[in-house]
Amino acid sequence: MTNSPPAGADGAGGPDGRADRGPAAEAAVAAAWEALVATARRTVADGLVVGTSGNVSVRVGDTVLVTPSGVPYDRLAPHDVTGVDLDGRQVLGTLVPTSELPMHLAVHRAAPDARAVVHTHAVHATAVSLLVPELPPVHYMTAALGGPVRVAPYAAYGTDALARGMLDALTDRTGCLLRNHGTITYGSSLDQAYDRTAQLEWMCRLWLTASSVPGHSPSLLTEAQLAEAAERLRGYGQRS
């Protein structure tokens, strides 16, 4: 992937690559960056990635904050904030954005309700991506992702081809598997995107575990059962 120059180099922002913005906008970006870093660190702590192999993004207005390329998450500080516009031009910071920027921007542009995206190399989910074209519906949380989770065809990381295949797999879904690669999920918040990632990895582990028992095949949910679960999940949780 060819990275865009820092915004300050062509007049789109200040000398440090920061776009001109007021105090309220600066505070919103700072809070979103702090939450993004916490989520990225959580992917490592929960074993969903190794080192810096995954990436996270969150949208603030028309700016997409992203984890920078090759920087350990425990080293990220407030001054490391990295952001691009929806065309991929860097408008915040000087660190090079994640190499998977095309995937993140494709989701943020295509899904109006996507405010956060989480990409991991979770072991069980990646294993499933090697075996089947979609994760069979072994649990009702399949409905939380829009239905059986598809596997996008393999393409080299950081490419537009990978982003295109991912978007096809995400049709009417909020998450998909990437063949020989990992997972990607999105949500209206970082918490929701992360929860969907964790649920997807858990369901993949469940299917692999059940499938490994000789002489038995996992029981799968029907379309009607998934539809019922989807309806019940709409009312799940606390109500204000």
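Residues numbered from 1 in each chain as written. Predicted model: local features only at pLDDT ≥ 70, side-chain atom pairs only at ≥ 80, totals over all residues. Heavy atoms only, no water.

## What about the overall build of the chain?
In step 1: Counting its secondary structure elements, the chain contains 6 helices and 9 strands.
In step 2: The contacts in the chain between residues at least 6 apart in sequence include a share of 66% that link residues at least 24 apart. (Helix = DSSP H or I, 4+ residues; strand = E, 2+ residues; numbered from the N terminus. Contact = heavy atoms within 4.5 Å.)

## What about the confidence of the model for the chain?
In step 1: A residue-level look at the chain finds 89% of positions with pLDDT of 70 or above and a mean pLDDT of 91.
In step 2: Of the regions scoring below 50 in pLDDT, residues 1-17 engages in 31 contacts with residues more than four places distant in sequence or in other chains. (pLDDT = per-residue confidence, 0-100.)

## A closer look at the sheet that holds strand 4 (residues 90-92)
In step 1: Strand order in the open sheet formed by 9 strands is 4-3-2-1-5-9-8-7-6, with mixed pairing between adjacent strands. Each of the sheet's edge strands pairs with one partner strand only, and the pair in question is strand 4 and strand 6 (134-135).
In step 2: Of the strand pairs in this sheet, strand 1 (residues 55-60) and strand 5 (residues 116-120) are connected by 4 bridges, and their pairing is antiparallel. Across the sheet, the residue bridging to Asn-55 is His-119, located in strand 5.
In step 3: The strands touched by helix 4 (residues 160-169) within the sheet are strand 7 (149-152), strand 8 (175-178) and strand 9 (182-187), with strand 7 carrying the most contacts at an inclination of about 160°. (Pairing = 2+ DSSP bridges. Axes fitted to C-alpha atoms, helices over the stretch in contact; angles between N-to-C directions.)

## Here we look at the nonpolar core
In step 1: Ranked by internal contacts, the top residues of the largest apolar core, which has 19 residues, are Trp-33, Leu-36, Val-58 and Leu-65.
In step 2: Listing elements by their share of this core, those giving two or more residues are helix 1 (23-45), strand 1, strand 4, strand 5 and helix 5 (190-211).
In step 3: A per-element tally of this core places helix 1 first, with 6 residues.
In step 4: In contact with Leu-65, other than residues within four places in its own chain, are Val-29, Ala-32, Trp-33, Leu-36, Val-56, Ser-57, Val-58, Val-60, Val-81, Thr-82, Gly-83 and Leu-92. (Core = buried A, V, L, I, M, F, W, Y, C linked by side-chain atoms within 4.5 Å. Buried < 20%, exposed > 50% of the residue type's maximum accessible area, 1.4 Å probe, protein only.)

## Structural notes on the pattern of salt bridges
In step 1: Counted according to the given criterion, the structure contains 4 salt bridges.
In step 2: Salt-bridge contacts for Arg-89 lead to Asp-85; the nearest nitrogen and oxygen are separated by 3.7 Å.
In step 3: Residue Asp-85 is classed as buried on the basis of its relative accessible area, which comes to 17%.
In step 4: A salt bridge links Glu-231 to Arg-234; the nearest nitrogen and oxygen atoms lie 2.5 Å apart. (Salt bridge = Lys/Arg side-chain N within 4 Å of Asp/Glu carboxyl O.)

## Things to note about the packing of helix 2 (residues 101-110) against helix 4
In step 1: Between helix 2 and helix 4, whose axes approach to 8 Å, the crossing angle comes to 40°. With respect to helix 4, the axis of helix 2 lies oblique. Crossing geometry of helix 2 relative to helix 4 is assigned as right-handed. Counted together, Pro-102, Met-103, Ala-106, Val-107 and Ala-110 of helix 2 and Asp-160, Leu-162, Ala-163, Met-166 and Leu-167 of helix 4 form the full contact between these two elements. (Parallel < 35°, antiparallel > 145°, perpendicular 65-115°, else oblique. Left-handed = near helix turned anticlockwise from the far one by under 90°.)

## Digging into helix 1
In step 1: An ideal rise of 1.5 Å per residue puts 33 Å on 23 residues; helix 1 measures up with 33 Å between its terminal C-alpha atoms.
In step 2: Residues of helix 1 that are buried include every one of Val-29, Ala-32, Trp-33, Leu-36, Val-37, Thr-39, Ala-40 and Thr-43, and no others.
In step 3: Where helix 1 is buried, its residues contact strand 1, strand 2 (63-66), strand 4, strand 5 and helix 5.
In step 4: Just downstream of helix 1 lies Gly-47, where phi reads positive at about 75°. (Expected span 1.5 Å × (residues − 1).)

## Quick notes on unusual backbone geometry
In step 1: Positive phi is not limited to glycine here, since Asp-172 has a value of about 60°.
In step 2: Here Asp-172 is to be found in the loop between helix 4 and strand 8.
In step 3: The phi dihedral of Asn-180 falls on the positive side, at around 55°, and the residue is not glycine.
In step 4: Of note, Asn-180 is situated in the loop between strand 8 and strand 9.

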